[in-house]
Amino acid sequence: VLEAAKVLHIKEHSVLDGSGNPIKLAAPVECKGIIGSDDRHYLLDLMRVTPRDANYVGEGSRFCVLRPELVSSFCQDVTEKESETAQPNESVPIAASSCEDILLNPNVLTEFPLAGCEEVYAAQIFFGVDTNLMNFAFNQEIATDEALVEKAGSYLVDVVIPKFVKDLNTLEVSPMDGQTLAEALHAHGINVRYLGKIAKMTKHLPHIWDLCVTEIIVRSAKHILKDILRQCEDHDLGFTMSQFLNCFLGHDVTSTVKNNISNMRSRAARKVSREPTQNSLKGQRNSSNAATALKHHVAYAHITSEVVWSGIEDFAKHKYQFTLPDDAKLQVRKVSTIRNLCQKLGISIAARKYDFDATCPFQTSDVMDLQPVVKHSVPVCMEAKDLIETGKLRLAEGMLNEAYSLFSEAFSILQQVTGPMHREVANCCRYLAMVLYHAGDMAGAIIQQHKDYGNMALFYHGLNQTELALRYMSRTLLLLSLSCGSDHPDVAATFINVAMMYQDIGKMNIALRYLQEALKKNERLLGQEHIQTAVCYHALAIAFNCIGAYKLSLQHERRTYDILVKQLGEDDSRTRDSQNWINTFKLRDIQVSAQKQKGQIASAASTQKAIDILKAHPDLMQAFQVAAGGGSVSSGTPMNKNLSAAMMGEAIPRGRGVDERAARAAAEVRKKAAARGLLIRPQGISVQTLPQLTQLLNIINSGATDAQPIESNNSLANGSSKDDGLTVGQEVQTPVGLGAGLASLDSKRKLKSNSTS
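Residues numbered from 1 in each chain as written. Predicted model: local features only at pLDDT ≥ 70, side-chain atom pairs only at ≥ 80, totals over all residues. Heavy atoms only, no water.

**Overview of the overall build of the chain**
Spelled out, the test is: The numbering of helices and of strands both runs from the N terminus, where a helix is a DSSP run of H or I of at least 4 residues and a strand a run of E of at least 2. Type-normalised accessible area, obtained with a 1.4 Å probe on protein chains alone, sets the label of each residue: buried when under 20%, exposed when over 50%, and partly exposed for intermediate values. Here a residue-residue contact requires only that any non-hydrogen atoms of the pair lie within 4.5 Å. Values of accessible area rely on a 1.4 Å probe in the Shrake-Rupley scheme; residue burial ignores everything except the protein chains shown.
Along the backbone of the chain there are 31 helices and 6 strands. The burial tally for the chain puts 40% of its 757 residues in the buried class. When contacts within the chain are restricted to residue pairs at least 6 apart in sequence, those whose partners lie at least 24 apart make up 63%. Accessible surface, the chain as shown: approximately 42,200 Å² in total, 54% of it carbon and sulfur.

This is how it looks when you write it as structure tokens:
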């Protein structure tokens, strides 16, 4: 017992028994030791192995104790602080006092009497030590133990919880539902009763605040429903649970409750009337049971929405010191909430689409089963855990062979300790798949990773099976929406992965929409200065670079650089990479501008050449005029329109690269020719003039060939991708995970373009 107590940081201390005699103990007072029928020794009732939480010492807080993870972290922190404050010549004795030497008394701050140091008590018996001196020694030791326990409670509130909130902000910890949130809290040594405090500290993170509020509501509702189920009989469990769920997530069901109360009263009354009327002990007992059942029926049949939610609010204030918002019932996510509640209570309901806007969305037939939920200790294999952590470090360093060996060894150990069907085994398979993916073995990665849809999608995309990868991404988004809702950083990260897949297959319109949605979510959930927001800006910069919109790429990459400088500093490798991208986008923008200017100069030169031809051949003027008015295919270009306007003497729009003086001179030539009667022709155009007109248009269009790539880039920048693979009249499927609002924008744009055309 002493060896186990030392590992658990439990101090051996003295307590007083019923006779007032001191007894040494290295465990809580309530524990019991028995010898089993197999002649082995057992310890029972070990609920208070760790000390009391000094932050909860009031009435009803008897079992509010610190978690073992917190005790270990606290002892390690104390040891590190002692090492830092030690003098250089004291290094040897400080090194001798390790973390295991820090022990806490689990029975302080309780109602049990403590005896203090037994050596002092023995000195009083044998050497006649003064009683006052003995009491002073007793009180001094107890005060020291209490101060150490109170220091551990302060460490929890002042150090551990703020660090946990910081990890939530940096996405180092990213819970998706109530179960993962509780696991993250326990891993950091934080009790779930601190949910209210964490919710108050995470108001700047909407997804975490919403998750904490939902978890408080579900846990409060769990206790209320448990109290109700204890009062009802077995044959009424289905009705009671459906009634509670309707009051919990449905609308006002007062009228339905009244009808059910009258039916249950009549049924209970008929049960009483069927009991024997003779004055026998058995008849009296049956009548008493029927009356008790009627009382219980009336008690839990009075459930209404107001009663349920008022009980939830009171329990949240008492247990979590948290006041629910006024619109908590309206803002709660119905599907994830009912899933969380059923998991905590062991309720199985029918898998169908429930109408939560109805008065009673749940029926008695929807409750399929009620199973017991038993808390049990999950075995933790520290050796495998250390191997996994070392393997993660090797994977981050790019040492794939060593990482694969470490993960394989951890996988073998976990299969022997926990069995193959365990969460840690699946987690180890996920890391093995990631190593194979980075090593280029896509087939092996898919074999290892056959249940995590997000990574499966990336692996299939690596095999150029993008259609199958997008199906897995669709499944990932569906599961995320059920577990954590649409507003979560993991949803935004999944959007970025989907966008990269569409970008690789050339569908830039859809990729940009996903990236813009991811940027909106990260800015709303994490803030505009978060690193994940910078990742979205960088992804958008790369996407705009692919379509030739280099100015937009430069704009988004500068935003990325500003965020990284503020969060990481200028010396970080990611910040330097962003600066290199900015230089690349600047160079490409300069090159595009030079090509565009060259194309405009060529366009002006071809225009001047066409004017010279018209001066030399006045008979082509009438043919060109009729062709321009008749709407020939090539006359729709901006260059031909300007030339036609110049020949007709109309004002042409001022633009860059157009020789306005030549256009005015051509207009004057036309006016003089018209005054001399050179342009008077009969109606129609001779057949012989058409080849000359075609020759003229070819000469004009030949000067604009150099500007065509720039024009196509501009059209892509405006949102039309030539690689989208969509033909005219083909229906564009709504991208997975995006709302109908974005899809409706395309239909509105099409209607608008059709009406204008």
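Now, onward.
**Considering the nonpolar core**
Definition in use: We call a set of buried residues a nonpolar core when its members are Ala, Val, Leu, Ile, Met, Phe, Trp, Tyr or Cys and they connect through side-chain atoms within 4.5 Å of each other.
With 74 residues, the main nonpolar core has Ile190, Phe244, Phe248, Ile312 and Leu324 as its most contacted residues. Those elements giving two or more residues to this core turn out to be helix H2 (68-85), helix H5 (131-169), helix H6 (178-187), helix H7 (195-201), helix H8 (206-229), helix H9 (237-249), helix H12 (305-320) and helix H14 (334-345). When residues in this core are grouped by element, the largest group, 12 residues, is from H8. If sequence neighbours within four positions are ignored, Leu324 has contacts with Val213, Ile216, Ile217, Ile312, Glu313 and Ala316. Formed by 42 residues, the second largest nonpolar core is a distinct cluster that contains Met456, Leu470, Met473 and Ile563.

**Here we look at the pattern of salt bridges**
Oppositely charged side chains can pair when the atoms bearing their charge come close. Let me state the cut-off plainly: Here, a salt bridge means any Lys or Arg side-chain nitrogen found within 4 Å of an Asp or Glu carboxyl oxygen.
Taken as a whole and assessed by the stated rule, the structure comprises 23 salt bridges. Its salt-bridge partner being Arg333, residue Asp210 comes within 2.2 Å of it at the nearest N-O pair. Of this pair, Asp210 sits in helix H8 while Arg333 is found in the loop between helix H13 (328-331) and H14, placing the two residues 123 residues apart along the sequence. When its relative accessible area of 19% is taken as the criterion, Asp210 is described as buried. With a closest N to O distance of 3.7 Å, Lys521 and Asp487 form a salt bridge. On the criterion of sequence distance, the pair formed by Lys521 in helix H22 (residues 508-525) and Asp487 in the loop between helix H20 (466-483) and helix H21 (489-504) is long-range, its members being 34 residues apart. The class of Lys521 is buried, set by a relative accessible area of 8%. The structure contains a network of salt bridges with shared partners spanning Glu215, Arg219 and Lys344.

**Considering a nonpolar patch on the surface**
Defined as follows: Residues enter patches when they are more than 30% accessible in relative terms and free of salt bridges; like-charged ones are connected within 9 Å and nonpolar ones (Val, Leu, Ile, Met, Phe, Trp, Tyr) within 5 Å.
On the surface, a nonpolar cluster with roughly 290 Å² of combined accessible area is contributed by Val335, Leu478, Leu479 and Leu482. The dominant element in the nonpolar patch, judged by the number of residues it contributes, is H20, at 3 residues. Relative to the assigned elements, Leu482 resides in helix H20. On the accessibility criterion, Leu482 (36% relative accessible area) is partly exposed.

In short, the description is geometric, and any link to function would need to be established separately.
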